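Summary of structural features
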Amino acid sequence: MIDLHTHTTASDGTFKPSQLVSAAGEIGLEALAITDHDNFLGYDEATLAAGENGLDLVCGIELSTRMPRTASHHGKSVHILGYFLDEPPSDSFRAWLNQIQDARRDRNRRLIERLRELGVPITLEEVQEVGRNMTGRPHFAKVLVEKGYVTNYQEAFDLYLDESARAYVQRLEPSVPEGIWRIRSGNGIAVLAHPVRLNVREPGEEDRLIRWMCDQGLQGIEVYHTDHGPEHELHYLALAEKYGLAVTGGSDFHGDLKPRVKLGTGKGNLAIPREVLERLRDSVRA
Ligand code: AMP
Ligand code: ZN
Ligand code: FE
Ligand code: FE
C-alpha cells in the first residue's frame, strides 16, 4: 500500500515530518509522498528519517491555484499536486514559493483586521502559534474554536472563513497555468488534486475544464482520494484514459486536523497499490 498525498506540520497537518515517516512505517506503507501546501520544508525534514527506516519517500507539493480570468470558471480554486520535482528544487522555484508565502502572511494580517472589525479580536500571535511558518485559515479556525467564538471547526468556516463568509479576504494566488508551468519547469509532474472538489454541476462542464487544463500542460489526475467513492474512481479512471493522464492517489492525511482521515486508508476506502507509483514513475521516463 502507498499514500501519495499527505500533509505535515510544515503546512496544516499535525504530524511532524519524522512522526509521519514513523506512522507510515507502523502501518507498513511501501511509499509515501509528502505534499505540503506551497512548501518543501516537511519533505526536506523527512528525508533523513525515511532513509533510516527504508521508506520510499517521494518529493511532492500541493499548490493552491485559481482559474484565470480568461478561462471559464474564473476564480475557481484548484489544487495542483507536483511530484518528482528536482531535489533540491531550484532557487527560482523556492523564490517563487517564498513570494506565495509572503502573500499568505499579508492575507493573514488583513484577515485578523477583518475579524477584529466583526467583533472577533483574536491576534496574529495566537494563530501563528498554531500555524507557525505556514499559518492558514485552518489555524484561524482552530483558534476561533479554542477561544469559544464558534463551537466547531466547520462553523468557523461557515460563519467567517469560507469564501462566501463575512471575514473572507483574498490572497494573491497563482493561476492554474502558472502552477502547472512552475511544477513542470522544476522537472515535476503536474497532477489535478481531488477532482471531485471541482464541484461541477454537469459532466460536460467537467470535461471542458479538464481538457483546458490538459491544454495548459496537466499530466495526471488524482483518481484515488479519501473523498472519492468507488463510482468516482471509475469515472476519473475513464477520464485519465480519455486524456492520457497519469493516475495518482492518496489520503490527504492532515493528522488531528481531520481526525477521521487515516494515513494510507483514508476513511477506510483506500488501499492504493504500489503499481500506481511505478506507473507514475514510468510515465515520467516515457
Ligand atoms: P488557506 O490556504 O489559508 O486559504 O486555507 C485553505 C484551507 O482551508 C484548505 O486547504 C482547507 O483545508 C480549508 N478550507 C477552505 N475552505 C473551507 C471550508 N469551507 N470548510 C472547511 N475547510 C475549508
Ligand atoms: Zn491542507
Ligand atoms: Fe487540496
Ligand atoms: Fe491536500
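This text gives an overview of the structure that appears in the document. Being a predicted model, the structure only gives us computed values, none of them experimental.

What follows deals with the overall build of the protein chain. A count of helices and strands for the protein chain gives 10 helices and 7 strands. Taking 286 residues into account, the globule formula puts the C-alpha radius of gyration at 19 Å, and the protein chain, at 18 Å, falls close to it. Classification of the 286 residues of the protein chain by burial places 55% in the buried group. As displayed, the protein chain has an accessible area near 13000 Å², and 49% of this comes from carbon and sulfur atoms. Seen as two clouds, the 33 positive and the 43 negative side-chain charges of the protein chain have centres 5 Å apart.

In this section: the coordination of the iron ion (ligand 3). Around the iron ion (ligand 3), the protein contributes the donor atoms Glu-62 (OE), His-79 (ND1) and His-194 (NE2), which lie 2.1 to 2.2 Å from the metal centre. Considered as a linear motif, the donors of the iron ion (ligand 3) on their single chain read E-x16-H-x114-H. For His-194, a relative accessible area of 4% translates into the label buried.

This paragraph deals with the layout of surface pockets. Volume-wise, the largest pocket comes out at about 1400 Å³. What lines the largest pocket is a set of 47 residues, and nearest its centre among them are His-79, Arg-137, Phe-157, Arg-197 and Lys-258. Among the elements of the structure, strand 3 (56-66), strand 4 (77-83), helix 3 (91-117), helix 5 (137-146) and helix 6 (153-161) are those that each provide at least two residues to the lining of the largest pocket. Top contributing element to the lining of the largest pocket by residue count: helix 6, with 4 residues.

A separate point is the side chain of Arg-171. Secondary-structure assignment places Arg-171 in the loop between helix 6 and helix 7 (176-185). Not counting residues within four places of it along the chain, the set of residues in contact with Arg-171 comprises Asp-38, Ser-64, Ile-100, Ala-103, Arg-104, Arg-107 and Arg-110.

So, on to the site of ligand 1. Lining the immediate environment of ligand 1, one finds Asp-12, His-37, Arg-104, Arg-107, Gly-136, Arg-137, Pro-138, Gln-154, Phe-157, Asp-162, Arg-171 and Lys-258. Between ligand 1 and Arg-104 there is a distance of 2.9 Å, counted from an oxygen atom to a side-chain nitrogen or oxygen. Here an oxygen atom of ligand 1 and a side-chain polar atom of Arg-107 are 2.7 Å apart. If ligand 1 stood free it would expose 500 Å²; the protein chains cover 78% of that surface. Elements represented by at least two residues in the shell around ligand 1 include exactly helix 3, helix 5 and helix 6.

Glancing now at the sheet that holds strand 6 (residues 220-225). Within the open sheet, the 7 strands sit side by side as 1-2-3-4-5-6-7. Their pairing is mixed. Across the chains shown, the open sheet's two edge strands, defined by having one partner strand only, are strand 1 (2-6) and strand 7 (246-250). Each neighbouring strand pair of the sheet contributes to a mean axis angle of 30 degrees, computed without reference to strand direction. Packing against the sheet, helix 2 (residues 41-53) makes contact with strand 2 (31-34) and strand 3, and its axis sits at approximately 170 degrees to strand 3. Against the sheet, helix 10 (residues 274-285) touches strand 1, strand 2, strand 3, strand 4, strand 5 (189-192), strand 6 and strand 7, its axis set at about 140 degrees to strand 7.

Now for the coordination of the zinc ion (ligand 2). Around the zinc ion (ligand 2), the protein contributes the donor atoms Asp-12 (OD), Asp-12 (OD), His-37 (NE2) and His-254 (NE2), which lie 2.0 to 2.6 Å from the metal centre. Taken together, the 4 donor atoms coordinating the zinc ion (ligand 2) and their angles of 52 to 133 degrees define a geometry best described as irregular. Read in sequence order, the donor residues for the zinc ion (ligand 2) give the motif D-x24-H-x216-H. In this structure, the zinc ion (ligand 2) lies 5.8 Å from the iron ion (ligand 3). Of this pair, Asp-12 sits in the loop between strand 1 and helix 1 (17-26) while His-254 sits in the loop between strand 7 and helix 10; the two residues are 242 residues apart in sequence, bridging distant segments of the chain. In this structure Asp-12 comes out as buried when scored by relative accessible area, which is 11%.

So, about unusual backbone geometry. Of note, Asp-38 is a non-glycine position whose phi angle comes to about 55 degrees, a positive value. Owing to a relative accessible area of 1%, Asp-38 belongs among the buried residues under this scheme. Positioned with a positive phi, His-73 is a non-glycine residue whose angle comes to about 60 degrees. For His-73, the position within the fold is in the loop between strand 3 and strand 4. Taking the relative accessible area as the measure of exposure, His-73 reaches 23% and is therefore partly exposed.

What counts as what
Throughout this document, residue positions are counted from 1 along each chain, in the order its sequence is written. Following the order in which they are written, the chains are lettered starting with A and the ligands numbered starting with 1. Totals for whole chains, interfaces and linings use all residues, but because this is a predicted model, local features are given only for residues with pLDDT of at least 70 and pairs of side-chain atoms are given and counted only at 80 or more. Side-chain numbers here rest on the full set of heavy atoms in the structure, without hydrogens or water. Only runs of H or I of at least four residues qualify as helices and only runs of E of at least two qualify as strands under DSSP, and these elements are numbered from the N terminus. The size measure is the radius of gyration over C-alpha atoms, and the globule rule it meets is 2.2 Å times the number of residues to the 0.38 power. The buried label applies to any residue whose accessible area, calculated with a 1.4 Å probe on protein chains only, is under 20% of its type's maximum; exposed applies above 50%, and partly exposed to all values in between. For the accessible areas, the method is Shrake-Rupley and the probe is 1.4 Å, while residue cover comes only from the protein chains on display. By the counting rule applied here, Lys and Arg register as positive and Asp and Glu as negative, while His and the ends of each chain are not counted. Charge coordinates come from a single atom per side chain, which is NZ of Lys, CZ of Arg, CG of Asp or CD of Glu. Only N, O and S atoms count as donors, using a 2.8 Å cut-off from the metal and 3.2 Å for Na, K and Ca, and because water is excluded some sites may appear unfinished. A 1.4 Å probe that fits but cannot get out identifies a cavity on a 1 Å grid over protein atoms alone, an open set with protein on both sides within 12 Å along at least five of seven lines counts as a pocket, and a residue lines either if it has an atom within 4 Å of a point. Grid points are joined across faces, edges and corners, and a volume is the space filled by probe spheres set on the points. Residues are treated as being in contact if the distance between any of their heavy atoms lies within 4.5 Å. In these notes, residues near a molecule or strand are those with any non-hydrogen atom within 4 Å of it. Two N or O atoms form a polar contact when they lie within 3.5 Å of each other; inside protein one atom must be a possible hydrogen donor and the other a possible acceptor, and for residues adjacent in sequence the pair counts only when both atoms belong to side chains. What makes two strands pair is DSSP finding at least two bridges between them. Every axis in this analysis is a line fitted to C-alpha atoms, fitted for helices over the stretch in contact. Angles between the N-to-C directions lie between 0 and 180 degrees. Here a site with four donors is tetrahedral if all angles are between 85 and 135 degrees, and a site with four or six donors is square planar or octahedral if opposite donors are over 155 degrees apart and the other angles are between 65 and 115; anything else gets the irregular label.

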